[in-house]
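Examining the three-dimensional arrangement
Single-letter residue listing:
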Amino acid sequence: MQRQRGVHVISSNVILEKNVPCILRDQIVLYADIYRPDQPGTFPVLLTRLPYSKDLPMFSHRYLDPNRLVGEGYVVIIQDVRGRYQSEGEFHPFQGEAEDGYDTVEWAASLPYASGKVGMFGLSYYGFTQLMAATERPPHLGAIFPAMTLNDLRKGVLFHQGAYELGLWETWIVESMLPDLIKRKYGDTPAYTQAMTRMAQNYNRIEGWDRHAPLDAWPLVEELGVEEFFPELLKHHVEDDFWEKTCIQGKYGQIRVPAYHVGGWYDCLLGPTLENFRELQAKGGGLAKHHQKLLIGPWGHGDFSSVVGERSFGIQASGDGIDLQEDLTQLHLRWFDYWLKGIETQVMEEPPVKIFVMGINQWRNEKEWPLARTQYVPYYFHSAGNARTRQGDGGLSTEKPGDEPWDGFIYDPRNPVPTQGGATLYAGVNTMGPRDQREIEEREDVLVYTSEPLTEPLEVTGDVQVILWAATDAKDTDFTAKLVDVMPDGRAYNLTDGILRACYRDGVQPAADLNGEVVEYSIDLWATSNVFLPDHRIRIEISSSNFPRFDPNPNTGKTLKESKEIRKAEQRIYHSANAPSHVLLPVIPVQ
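In this report, we go over the structure that sits alongside the text.

Parameters at a glance
Residues numbered from 1 in each chain as written. Predicted model: local features only at pLDDT ≥ 70, side-chain atom pairs only at ≥ 80, totals over all residues. Heavy atoms only, no water. Buried < 20%, exposed > 50% of the residue type's maximum accessible area, 1.4 Å probe, protein only. Helix = DSSP H or I, 4+ residues; strand = E, 2+ residues; numbered from the N terminus. Pairing = 2+ DSSP bridges. Core = buried A, V, L, I, M, F, W, Y, C linked by side-chain atoms within 4.5 Å. Contact = heavy atoms within 4.5 Å. Axes fitted to C-alpha atoms, helices over the stretch in contact; angles between N-to-C directions. Parallel < 35°, antiparallel > 145°, perpendicular 65-115°, else oblique. Left-handed = near helix turned anticlockwise from the far one by under 90°. Nonpolar A, V, L, I, M, F, W, Y, C, P; charged D, E, K, R; others polar. Salt bridge = Lys/Arg side-chain N within 4 Å of Asp/Glu carboxyl O. Expected span 1.5 Å × (residues − 1). Arc of directions from axis to C-beta.

Some thoughts on the pairing of strand E5 (residues 75-80)
- Counting buried positions along E5 yields 6 of 6 residues, so the element is predominantly enclosed.
- Because side chains alternate across E5, one face comprises the buried residues Val-75, Ile-77 and Gln-79, and the other comprises Val-76, Ile-78 and Asp-80, equally buried.
- As defined by bridge partners, strand E3 (residues 29-37) adjoins E5 across 4 bridges and the pair is classed as antiparallel. Residue Ala-32 lies in a different strand from E5, and its bridge partner there is Gln-79.
- Bridging between strand E4 (residues 43-50) and E5 involves 6 bridges; their strand directions are parallel. Considered in E5, the bridge of Leu-46 is made with Val-76.

If you want it as structure tokens, here you go:
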């Protein structure tokens, strides 16, 4: 692979060094682009390590302005991780980033223009590389700023309470992984052009591939001859020890650096982001335990605009001007100025948590997460046995159910409930964020439970959980739940949702096959912050699919990763004194 090294002056005060080698402990060489001040002296380093190509234009790194970082006296290093683009070695997703991160941090600190202080920044995969590096405790790592990132592939990346994250994973493979895999395999040959053309054609019709089974024989990847890690990761079940290689959980105590976490209410990695903040506060070592910050906006993954899905949350919601005061680049500068330069900034005087409260569309500072003043209030499901569709008789209230009949529906994997917004990340137009759910609520396989119009504002901020008492005639199946804010004119906007694969109802170890018994399920809807305004209604949707975000459960005891066989399932949802299905809402009292 040809790598052009060189030094370029790209502005009046920024020098760019291309393809600077970093030799790792096993002699593999990773390559980075270095942006540094065009002046003598030494400077703190801000490092990011990503699998998406360091050679993207400077402003393609989503939400930060490297020019401004350099202008404020930082060296900015953007490195291709092992086995990606310019860097040597083989790429095994999410593995080896701890050791490689340690070596890169120490290399960066030793550069002749480096002060010896290193910070790390980046979102998603390159938020994960920060946390993994921090678990190795490199001596020169002073602070990190992980945004919208993960902690375990089984929590929002490959799986979600046991269900397979079909749309996200397939989109990530095709959109982000295949181009470089094809380039590495075919080089500058006619076969490369042909393979890229086939890839583009397949990507343009990826919705048709979503239904292919079994998944581990996905033609879209196989026909290009670049399967690489795809079938390897698919063969591992949720309970396999394999995932420990890519897991931060259990390692929080090894992290000793301050961290500023950024998330979004519609981010596909919101749950792990909140967990990282909480766990580092509780278990982090050294400075980590007492120096964690959290910022949550009304954003989707990598999207910090004020318009998300079909809703605008006001200009103050934008990451370009949070609360009309500062953008994300300035926030990074204040954080790193304190920890890497020793400059007293207000960042440490501010409360540790800043959240955007939807509905009233306001930012608010808080002392902790979850909020100490939260009152967890159960809202129970009610009906006379006909809660199907929003025209049904499903109700939602704080009154406990009595002797009420169950609600039933038929779940057909051949006709799954389509994904309509949410904390998604897959190919398509306007797929994430809040979207009107009324079309979904016309389906006979969607149960709808709706409260009476509210007479007073009701704030719901925190973790949301649905406790579902249900039965099925299948060996295994899925149950989904969605929290919705219903406007006075009938528009129904999703706030947060979740899914549970029944065989993983007790955790990562699979439970026994079902045999028609009534089972209590706990569906984690992660979290939200929203004020339900007067005349709005609270709604819960219950079903068994959300496609293509998640793979449809075939109801056979196997998955579509293993088999093409599918069957319909008869589902029953109970709401009675002995089986009180409900949503547990984190209500914030009026102050």
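Here the narrative resumes.
Details of the nonpolar core
- Judged by nonpolar contacts, the single largest core of 164 residues is most densely connected at Ile-77, Trp-265, Trp-369, Leu-468 and Ile-542.
- The biggest single contributor to this core is helix H4 (residues 166-186), with 10 residues.
- Apart from residues lying up to four places away in sequence, Leu-468 is in contact with Phe-381, Phe-479, Val-519, Glu-520, Tyr-521, Ile-523, Ile-542, Ile-573 and Ser-581.
- Membership of the second largest hydrophobic core comes to 5 residues, among which are Ile-467, Trp-469, Tyr-574 and Ala-579.

Quick notes on the environment of Tyr-574
- Within the fold, Tyr-574 resides in strand E25 (residues 569-574).
- For the pair Tyr-574 and Ala-470, spaced 104 residues apart in the sequence, the C-alpha separation amounts to 5.8 Å.
- In this structure Tyr-574 touches Trp-406, Trp-469, Ala-470, Ala-471, Val-518, Ala-579 and Ser-581, once residues within four positions along its chain are discounted.

Observations concerning unusual backbone geometry
- Pro-370 follows Trp-369 through a cis peptide bond whose omega is -5°.
- Checked against the element boundaries, Pro-370 lands in the loop between strand E15 (362-366) and strand E16 (375-382).
- In this model, Phe-547 is joined to Pro-548 through a cis peptide bond whose omega is 15°.
- As for its position among the elements, Pro-548 is in the loop between strand E24 (537-543) and E25.
- One non-glycine residue with positive phi stands out, namely Asn-19, at about 55°.
- With respect to the helices and strands, the residue Asn-19 is situated in strand E2 (residues 14-23).
- A relative accessible area of 5% places Asn-19 in the buried class.
- Notably, Tyr-85 is not glycine yet its phi reads approximately 50°, a positive angle.
- Within the secondary structure, Tyr-85 sits in the loop between E5 and helix H2 (97-109).

Some thoughts on the packing of H4 against helix H5 (residues 190-204)
- At a minimum axis distance of 9 Å, the contact between H4 and H5 shows a crossing angle of 165°. In terms of orientation, H4 lies roughly antiparallel with respect to H5. Along this stretch, H4 crosses H5, giving a crossing that reads as right-handed. Here Val-174, Glu-175, Leu-178, Pro-179, Ile-182, Lys-183 and Tyr-186 of H4 lie close against H5, whose contacting residues are Ala-191, Tyr-192, Ala-195, Met-196, Met-199 and Tyr-203.
- Its residues assigned to classes, the contact of H4 with H5 shows 11 nonpolar, no polar and 2 charged.

A few points about the pattern of salt bridges
- For the structure on display, the rule yields 38 salt bridges.
- Arg-334 is the partner of Glu-350 in a salt bridge, and the nearest nitrogen-oxygen pair spans 3.0 Å. Taken together, the residues span a long stretch of sequence, with Glu-350 in the loop between helix H10 (328-341) and strand E14 (353-357) and Arg-334 in helix H10 at a distance of 16 residues.
- Arg-334 sits in the buried class, given a relative accessible area of 13%.

Structural notes on the environment of Val-347
- Mapped onto the elements, Val-347 comes out in the loop between H10 and E14.
- Distance from Val-347 to Lys-367, taken between C-alpha atoms, is 14 Å for residues 20 residues apart in sequence.
- Not counting residues within four places of it along the chain, the set of residues in contact with Val-347 comprises Tyr-260, Lys-293, Arg-334, Trp-335 and Tyr-338.

As for H5
- End to end, H5 covers 22 Å across 15 residues, agreeing with the expected 21 Å (1.5 Å per residue, within 8%).
- Among the residues making up H5, those that are buried are Ala-195, Met-199 and Asn-202. Taken around the axis of H5, the buried residues stretch over an arc of 65°, which confines them to a single face. Turned more than 90 degrees away from the buried face of H5 sit Pro-190 and Asn-204, all of them exposed.

Geometry only, nothing functional implied.
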